[in-house]
Every structure is written in C-alpha cells, then in structure tokens.
Amino acid sequence: MKKLVSTCAMILVLTAFTAMSALAVTKTSTIHVKGMHCKNCSASVTKALKAVDGVQKADVDFEKGTAIVEYDDAKVTEEKLREVIKSTGFELAEEKTNN
Ligand SMILES: [Cu+2]
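From a predicted model like this one, the values you see are computed outputs, not experimental measurements. (Residues numbered from 1 in each chain as written. Predicted model: local features only at pLDDT ≥ 70, side-chain atom pairs only at ≥ 80, totals over all residues.)

Draft legend 1. Local environment of the environment of lysine 86. Structurally, lysine 86 is set in helix H3 (residues 78-87). On a C-alpha basis, the gap between lysine 86 and lysine 34 in space is 10.0 Å, while along the polypeptide they are 52 residues apart. (Helix = DSSP H or I, 4+ residues; strand = E, 2+ residues; numbered from the N terminus.)

Below is the structure:
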C-alpha cells in the first residue's frame, strides 16, 4: 500500500512538472513585416517560419503586415525568427523592442 502511494505521488509530480514546463516555454511574438502584397507572400513567410524547429504556430497576415508566431522559447528565439523572415526576402518594419 505504501509503495502504491509513493508511485502515485511520483506520477503526479512528473505530470505536474511536464505540464508546467510545457506552459513555461511557449511564447508568442508579433513581428511586423514590410513588403507583403498578397497571399503568396504571407504563405511563403508562414512556410519558412513553420519549418523552424520549435515553431508551433505561425499566423501571417499580409494586409496587416504581421506575423504572429507561437514558439518554444527553449528551442528558438525571436531573433532567429526575424532572421528567417529576412531570409525569405522581406524586411522587418521595426527593430526588436525589449520584451
Ligand atoms: Cu505576394
């Protein structure tokens, strides 16, 4: 009985830890992108972002000129995402702000 209780406690601790770390590392950044004119533009930025390891979601809007990216903070940084967008040929509308 005692052994069963400690096993349960261990599973609980592990579950809580996994859930906490999953929450802790997901970050959302809105990056302003210049020069997107149509769906093809936003699609190529989306594709490039989603190909990056750690990116969970990329929502690119060419009309607003924004890329809203959800990513694993432990795997990729906003700086890296900005480089990826630049590598697709688009410019960033502003320099990185402190956050
Ligand atoms: Cu276009």
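Draft legend 2. Highlighting the nonpolar core. One finds Val33, Val45, Leu49, Ala67, Val69, Leu81 and Ile85 to be the most contacted residues of the largest nonpolar core, which totals 16 residues. Of all elements in the fold, only strand S1 (26-34), helix H2 (39-50), strand S2 (55-61), strand S3 (66-72) and H3 reach the threshold of two or more residues within this core. Once you skip the residues sitting within four places of it in the chain, valine 33 turns out to touch Val45, Gly65, Thr66, Ala67, Ile85, Phe90, Leu92 and Ala93. (Core = buried A, V, L, I, M, F, W, Y, C linked by C-beta atoms within 7 Å. Buried ≥ 20, exposed ≤ 12 C-beta atoms within 10 Å, placed from the backbone. Contact = placed C-beta atoms within 7 Å.)

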